[in-house]
Amino acid sequence: MSEYTGDGKSAGKPKVMPIAGDHPYRGVGDAAENNTASLQPEPFADILYRQIHNILGGANPNQYLCLTIPGQALSAEDFRYDYKNKSPKGPSVEANESRLANKMFDPCRMAGADNGLTLPYQYQSALNMLTPMLNAKAADAKSKLRQLLMTKYDYQFQDDAKQEYTLQEVFFKLYDEWLKAKNDWLSEQNLKKNQLWQEHSGTDAASKINDLYLEWYEQVAESRINSLNEKMAKVISVFTPNDMEILEGVLDSGSGAELQEARQALLNARKLTPDGGYVYPVNLSPANWFEYLDTSFTADDLLKNPEAVAMQIANLSKRKIQIKSKIENLVSLIPDQDSLKEALENISKAQTDLDTSEKDLEAFYTDGIAACMDVFADIIPAFAESGQIVPMDVIRKIAPGVTLKDSSKTDELIAAFKDTNAKLSAYTNCLQELADASADAAKLQNLSMLQSMLVPLTAQLKEVNLEIRTLHAQMLLSSTIRPTPNTDGMVEDPDPFELTVAPASVPKGYTQITLSASASSMDQSSQKMAHANVSTCGGSFLFGGYSRSESNASSRISSRISDKKTEIQIGMNVTKVGIERGWFQPGVFYLTKDMFNVTTQRIAPNPARPYTSMDDQRLLDMSGNMVFPCYPVAFVLARDISVRFISEGTISSDFADTMEQHASAGGSFLFFSGSSASSSSSSASGVHFSSTSNSVTLKFDTPQIIGYYMEATAADQSAYLDDVSRAAQAGYTTISEFVEKYRQILLEAGKNKNQGILPKLK
């Protein structure tokens, strides 16, 4: 666990404190604040990067962490298989894991996305760029050995009309005779054992058979073994088997074969997909990594404030008004509306009744409620059936400044609430009936265009009404568990500095990280090398790298993130999942010094002095025109993520509203994705928003990849194919020279054989 704690506002109040380089905002005097006012806070992106890397990074000088902005939401169902019973992965799981693990990123510490390249294709391209050099001395030695093996050897075999043999022909012919005699002797022993077992049976059969076999062995073994020794003596007189194995080892040695083996392994591993592409399976460690894709948050943890739910209902209410207007406009285009007469009368009456009920409610509130009465009416059903009134905090959220005119008439207000609820329900039903009837009328009158426009509108209307009813339950539950009002009738917000963003539990395999920093540190541009079209500072960085116009969200939060008295806290659980690829052999690139490059490009940079660490200069070198500079070896999973903004003063409604709207739409924040990983989810958002007067809290219930650990490819020390001089200076020969020498050996061997001359070894 990595946690920074310190003194709170007073003794006994722990809080998450900023790390070195940041300003502690509470529990310090003015003098301390003045002394640090001139210091620039460390960029927040750097703080978070360092914390994650310190926990998971290790000390490999050839690896670095590449954080992605934002993260990639995952669902366990996309990767689940029965690993406990050693069942194979299905094609879908293999394809999903391959896409996840074989991404490629530009060499940088922060990226907005992968670069569109894939590891298998870049790896294959790098292999195809290389061809082996041949060591000149080794090539000459092999030539002499081949000359030796093809030298004429005068040996006369019995009953063999052929009179001329080479050294290797004589050796292998004699060696084959010895092997055949040896196999015949072994077969004879086995036949004798089988014969004795067939002739004898009984309780003492094994002992009797063993004695008889030993007697037979003593009689025949000596002659058989002497015959074998005689044949081996003939072999040794020509060439010993051990010497031949030495020659085979020398002839088979040398670099270059690894390239073909690597290419073949890659081709053997790939699997064709129906879309014409290939899947390259990987193994992720641990094997049950998909079981980590869960959340420790409970339903209570993810409950939104009633005010936040009210804003969602407000958006849906406005959408419903738009749908209603479209339906009414389309209905007016139907020529014969007699079939709709009853539905039109019902909707008109329901609208009138609802308007009357809303006016009765307006009598209890100041005039500000009239402007948003349609939205207010959609919120009422969450409380009316249980005999409650809408909390003032919710009303102020949708209609700032509205208050009750007479709080003593509670019973009358509740009655008006229930009446409005009933009228709203009737109106909703009538509107749906009108939409359905209009679609039927358009169908009967063969108005295909009107019907095609009405049908999706009726479906949208049903969906909006269903979502509003779902939110009613959330609002009522959230309101029920909120803190009770004090004696002044006000709800007292808890001290956010006394709360913690640390996850309630640390799942198996995870490590907990908590950190705190000045919100103004987000306004400091990161000095870490970034190779992406994202901003690592200010409002764009806050919204997960999503760029907004200055007149919109960024400007609305700029004052808040620049405020030195506002703090940002983050808590989460993180783990690292390793990537194993049986078909991937990066060790080949350590041998490039003994290879030619058939292109003018480099696989990876080749510095004058070997790299000793993964610094920014090395990343810059790797970012050049390199074919395969690095590859992912692991990815970082994060879950149970909480982000909280805390202010010593009141947080502006603009700031809270902007954050809430972004969260409701499933927007991303910092390095964390707000999307829901499950396609079956009824909500597009995986981030949950809540706020108090001086804090804003975001909770992400979707496990996600927030970065990859990348390994630098070994330096490309190959020589360009046309740079023969460098190869010659290093004692290497080209393949063409080697082939020509071997051709001359064969020609000379054939010529000497025809003339009966023993070739001289040069």
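All values derive from a computational prediction rather than experimental measurement. (Residues numbered from 1 in each chain as written. Predicted model: local features only at pLDDT ≥ 70, side-chain atom pairs only at ≥ 80, totals over all residues. Heavy atoms only, no water.)

Got a minute to help me understand the overall build of the chain in this structure?
For the chain, the helix and strand inventory stands at 22 helices and 20 strands. Counting all 762 residues of the chain, 44% fall into the buried class. Relative to all contacts within the chain whose residues are 6 or more apart in sequence, the contacts with residues 24 or more apart total 79%. Surface exposure of the chain reaches about 37800 Å², of which carbon and sulfur atoms provide 50%. (Helix = DSSP H or I, 4+ residues; strand = E, 2+ residues; numbered from the N terminus. Buried < 20%, exposed > 50% of the residue type's maximum accessible area, 1.4 Å probe, protein only. Contact = heavy atoms within 4.5 Å. Areas by Shrake-Rupley, 256 points an atom, 1.4 Å probe, with all protein chains shown as cover.)

What should I look at first to understand the sheet that holds strand S5 (residues 130-132) in this one?
Reading across from one edge, S5-S14-S19 is the order of the three strands in this open sheet, with mixed pairing throughout. A single partner strand is all that each edge strand has here, and the edge strands are S5 and strand S19 (719-720). Looking at chain direction, S5 and strand S14 (residues 595-597) are connected through three bridges and run antiparallel. What sits directly across from Leu 130, in S14, is Asn 597. (Pairing = 2+ DSSP bridges.)

Just checking my understanding: could you explain the packing of aromatic side chains for this structure?
Between two aromatic rings, the relevant description is the distance of the centres plus the angle of the planes. All told, the structure shown has 30 aromatic pairs when counted by the stated rule. Judged by centre distance (4.9 Å) and plane angle (80 degrees), the ring pair of Phe 584 and Tyr 631 falls under edge-to-face. Of the two residues, Phe 584 sits in the loop between strand S13 (566-580) and S14 while Tyr 631 sits in strand S15 (residues 630-647), which places them 47 residues apart along the sequence. Residue Phe 584 is classed as buried on the basis of its relative accessible area of 8%. Since its relative accessible area comes to 8%, Tyr 631 is described here as buried. Between Phe 589 and Phe 628, the ring centres sit 5.9 Å apart and the planes meet at 50 degrees, which makes this aromatic pair tilted. Remark: Phe 628 occurs in the loop between helix H19 (616-622) and S15 and Phe 589 occurs in the loop between S13 and S14; sequence separation between them is 39 residues. Since its relative accessible area comes to 0%, Phe 628 is described here as buried. (Phe/Tyr/Trp six-rings, centres within 6.5 Å; stacked < 30°, edge-to-face > 60°.)

I tried to follow the packing of helix H6 (residues 167-199) against helix H8 (residues 241-252) on my own but got confused; where do I start?
Packed helix pairs are characterised by how far apart their axes lie and by the angle those axes make with each other. One can describe the packing of H6 onto H8 by two numbers: an axis separation of 12 Å at closest approach and a directional angle of 125 degrees. What the angle tells us is that H6 and H8 run oblique. Read as a crossing pair, H6 and H8 show a hand that is left-handed. Taking contact as the criterion, the partners of Phe 171, Phe 172 and Tyr 175 in H6 are, on H8, Pro 241, Met 244 and Glu 248. The residue inventory of the contact of H6 with H8, partitioned by class, reads five nonpolar, no polar and one charged. (Axes fitted to C-alpha atoms, helices over the stretch in contact; angles between N-to-C directions. Parallel < 35°, antiparallel > 145°, perpendicular 65-115°, else oblique. Left-handed = near helix turned anticlockwise from the far one by under 90°. Nonpolar A, V, L, I, M, F, W, Y, C, P; charged D, E, K, R; others polar.)

I'm lost on unusual backbone geometry in this one. Help?
Glycine aside, residues mostly have negative phi, and peptide bonds are mostly found in the trans state. A cis geometry characterises the amide bond from Ile 69 onward to Pro 70, with omega recorded as -5 degrees. Structurally, Pro 70 is set in strand S3 (residues 63-73). Cis rather than trans, the peptide bond between Ser 285 and Pro 286 has omega equal to 5 degrees. Structurally, Pro 286 is set in the loop between strand S11 (283-285) and helix H10 (306-331). In the Ramachandran plot, Lys 86 falls in the positive-phi region, its phi being about 60 degrees despite a non-glycine side chain. Assignment of secondary structure puts Lys 86 in the loop between S3 and helix H3 (91-101). Not every positive phi belongs to a glycine, and Leu 670 is a case in point at roughly 55 degrees. Residue placement: Leu 670 occurs in the loop between helix H20 (653-664) and strand S16 (687-692). Exposure remark for Leu 670: the relative accessible area of 0% places this residue in the buried category.

Looking at this model, I keep getting lost on the nonpolar core. Mind explaining?
Generally speaking, soluble globular proteins have nonpolar side chains that are buried together. Ranked by size, the top nonpolar core spans 100 residues in total, and within it Trp 289 and Phe 672 carry the most contacts. Looking at this core element by element, the count peaks at 11 residues for S15. Contacts of Trp 289, omitting those with residues within four sequence positions, involve Leu 74, Phe 79, Glu 97, Leu 100, Leu 284, Val 577, Phe 635 and Leu 637. If you look at the next biggest cluster of nonpolar residues, it comprises 52 residues, including Leu 316, Ile 323, Val 390 and Ala 399. (Core = buried A, V, L, I, M, F, W, Y, C linked by side-chain atoms within 4.5 Å.)

Looking at this structure, how should I read the pattern of salt bridges?
When the charged atoms of two side chains with opposite charge come close together, those side chains can pair. This model, assessed by the stated rule, comprises 10 salt bridges. For Lys 271, the salt bridge goes to Glu 94, with nearest N and O atoms at 3.1 Å. With Lys 271 in strand S9 (residues 271-272) and Glu 94 in helix H3, the pair connects residues that are 177 residues apart, well separated along the chain. Classification of Lys 271 as partly exposed rests on a relative accessible area of 39%. Its salt-bridge partner being Asp 640, residue Arg 639 comes within 3.1 Å of it at the nearest N-O pair. Across this residue pair, the class does not change: Arg 639 and Asp 640 are buried. (Salt bridge = Lys/Arg side-chain N within 4 Å of Asp/Glu carboxyl O.)

Can you help me understand the state of the cysteines in this one?
Here the structure, examined in full by the defined rule, presents zero disulfides. Counting only cysteine sulfurs, Cys 66 is the nearest neighbor of Cys 108, a cysteine outside any disulfide, at a range of 4.3 Å. Residue Cys 108 is classed as buried on the basis of its relative accessible area, which comes to 0%. Free of any disulfide, Cys 630 has its nearest cysteine sulfur in Cys 66, 8.2 Å distant. (Disulfide = S-S within 2.5 Å.)

Even after reading the chapter, I still don't get the environment of Ala 719, so can you show me in this structure?
Relative to the elements of secondary structure, Ala 719 occurs in strand S19. When the C-alpha positions of Ala 719 and Met 595 are compared, they lie 6.6 Å apart, and in sequence the two are 124 residues distant.

How do you make sense of the environment of Trp 289 when you look at a structure like this?
By the element assignment, Trp 289 lies in the loop between S11 and H10. Expressed as a C-alpha distance, the spacing of Trp 289 and Val 577, which sit 288 residues apart in the sequence, is 7.1 Å.

I would appreciate a short explanation of the side chain of Gln 189 in the present structure.
With respect to the secondary-structure elements, Gln 189 resides in helix H6. The class for Gln 189 is buried, based on a relative accessible area of 12%.

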